[in-house]
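Observations on chain architecture
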Amino acid sequence: AQSVTQLGSHVSVSEGALVLLRCNYSSSVPPYLFWYVQYPNQGLQLLLKYTSAATLVKGINGFEAEFKKSETSFHLTKPSAHMSDAAEYFCAVRTNTGNQSYFGTGTSLTVIP
Amino acid sequence: DSGVTQTPKHLITATGQRVTLRCSPRSGDLSVYWYQQSLDQGLQFLIQYYNGEERAKGNILERFSAQQFPDLHSELNLSSLELGDSALYFCASSPGPPGSYNEQFFGPGTRLTVL
């Protein structure tokens, strides 16, 4: 079975500071991993995905994530937070044998001016 | 704009009623997913269809049902509505078959309020 744990339901950072959103996954087979972002009153949109190619994945808006098999982690980072990054972020896992993606409970990012 | 459309945008109804939510996937996408998002439950997977066939079921109540039509649009039917069914309902689509690494493209959602 697959599952995702997002540590920290709320994260606050100052504008210009490093953003680190944590995601740990559980999967018995090699996973595909995704980060989605949800802005207020909108649907989710893909930030980036890992599909077993490069372990460091670059996404939109300056975000990147590193797949670490030994730590079963796929943490999302951005070197310098911008006010427009304030949103809800979801990590998701699926496998090449699975029919569905499993989403984490989400992390709400607040950016303090 | 993800290319996934959902109607209606907002729906207000009373307990005990039945509603139908509609989703049109991106052009060419064969998979459709339904999710429920509420403050206390987070994002919950309900059900998935691929090319008209049900492929996966999540936390979908028996009062809820869905189908995908030959033109690939999908409908989610919610009946005997309860206050706790108030939530955002998202539809998502993806191009590949189940098991592919394609991401899902989410619609803007339907906000259901049950009074």
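In what follows, the accompanying structure is described.

Per the secondary structure count, chain B includes zero helices and eleven strands. Along chain B, from the amino end to the carboxyl end, the secondary structure elements read β-β-β-β-β-β-β-β-β-β-β. Over its C-alpha trace chain B gives a radius of gyration of 13 Å, about what one expects of a compact globule, namely 13 Å for 115 residues. With respect to the three principal axes, the spread of C-alpha positions in chain B is 40 × 30 × 25 Å. Counting only residues that meet the buried cut, chain B has 55% of its 115 residues in that class. Side chains of chain B give 8 positive and 11 negative charges; the mean places of these two sets differ by 3 Å.

Here we come to the overall build of chain A. A tally of helices and strands in chain A yields zero helices and twelve strands. In summary, chain A has a C-alpha radius of gyration of 13 Å against a globular reference of 13 Å for 113 residues, a match within 12%. In terms of its C-alpha atoms, chain A occupies a principal-axis envelope of roughly 45 × 30 × 20 Å. Counting only residues that meet the buried cut, chain A has 46% of its 113 residues in that class. Here the contacts in chain A between residues at least 6 apart in sequence split such that 56% fall between residues at least 24 apart. Carbon and sulfur atoms provide 52% of the accessible area of chain A, an area that totals close to 5,200 Å². Chain A carries 7 positive and 6 negative side-chain charges, and their two centres are separated by 9 Å.

Our next topic: the interface of chain B and chain A. Between chain B and chain A, the contact holds 21 residues from the first and 21 residues from the second. Taking both partners together, chain B and chain A bury about 1,700 Å²; carbon and sulfur atoms supply 50% of that area. The interface formed by chain B and chain A contains one salt bridge. For the pair chain B and chain A, the number of links is five residue pairs in polar contact (both at pLDDT 80 or more). Those elements giving two or more residues to the side of chain B that touches chain A turn out to be β4 (31–38), β5 (42–50) and β6 (53–57) of chain B. Of the residues in the side of chain B that touches chain A, the class split is ten nonpolar, seven polar and four charged.

Residues and elements named next belong to chain A. Tracing the sequence through the fold places Asn-61 in the loop between β7 (56–58) and β8 (64–68). Look at Asn-61 and you get partly exposed, because its relative accessible area is 42%. Sequence-wise, Asn-61 and Val-93 are 32 residues apart; in three dimensions their C-alpha atoms are separated by 21 Å. When residues no more than four places from it in sequence are discounted, the contact partners of Asn-61 are Tyr-39 and Lys-78.

All names here are of chain A. Relative to strand β12 (residues 107–112), strand β2 (residues 10–14) runs parallel, the two being bridged by five bridges. Residue pairing in the sheet places Val-13 in a bridge with Val-111 of β12. Here strand β10 (residues 87–95) pairs with β12 via three bridges, running antiparallel. Across the sheet, residue Ala-87 finds its bridge partner in β12, namely Leu-109.

Looking now at unusual backbone geometry. Trans peptide bonds make up the majority, and among non-glycine residues the majority have a negative phi. The peptide bond linking B:Thr7 to B:Pro8 adopts the cis configuration, its omega dihedral lying at -10°. Note on placement: B:Pro8 falls in the loop between β1 (5–7) and β2 (10–13). A positive phi angle is found at A:Thr72, which is not glycine, with a value near 45°. With respect to the element layout, A:Thr72 can be found in the loop between β8 and β9 (73–78). Not every positive phi belongs to a glycine, and B:Ser80 is a case in point at roughly 45°. As for its placement among the helices and strands, B:Ser80 is situated in the loop between β8 (74–78) and β9 (87–94). Residue class for B:Ser80 comes out partly exposed when judged on its relative accessible area of 41%.

Parameters and conventions
Residues numbered from 1 in each chain as written. Chains lettered and ligands numbered in written order. Predicted model: local features only at pLDDT ≥ 70, side-chain atom pairs only at ≥ 80, totals over all residues. Heavy atoms only, no water. Helix = DSSP H or I, 4+ residues; strand = E, 2+ residues; numbered from the N terminus. Rg over C-alpha atoms; globule rule 2.2 N^0.38 Å. Buried < 20%, exposed > 50% of the residue type's maximum accessible area, 1.4 Å probe, protein only. Lys, Arg positive; Asp, Glu negative; His and termini not counted. Charge placed at Lys NZ, Arg CZ, Asp CG, Glu CD. Contact = heavy atoms within 4.5 Å. Areas by Shrake-Rupley, 256 points an atom, 1.4 Å probe, with all protein chains shown as cover. Buried area = accessible area lost by both parts, 1.4 Å probe. Salt bridge = Lys/Arg side-chain N within 4 Å of Asp/Glu carboxyl O. Polar contact = N/O pair within 3.5 Å; in protein donor to acceptor, adjacent residues only side chain to side chain. Nonpolar A, V, L, I, M, F, W, Y, C, P; charged D, E, K, R; others polar. Pairing = 2+ DSSP bridges.

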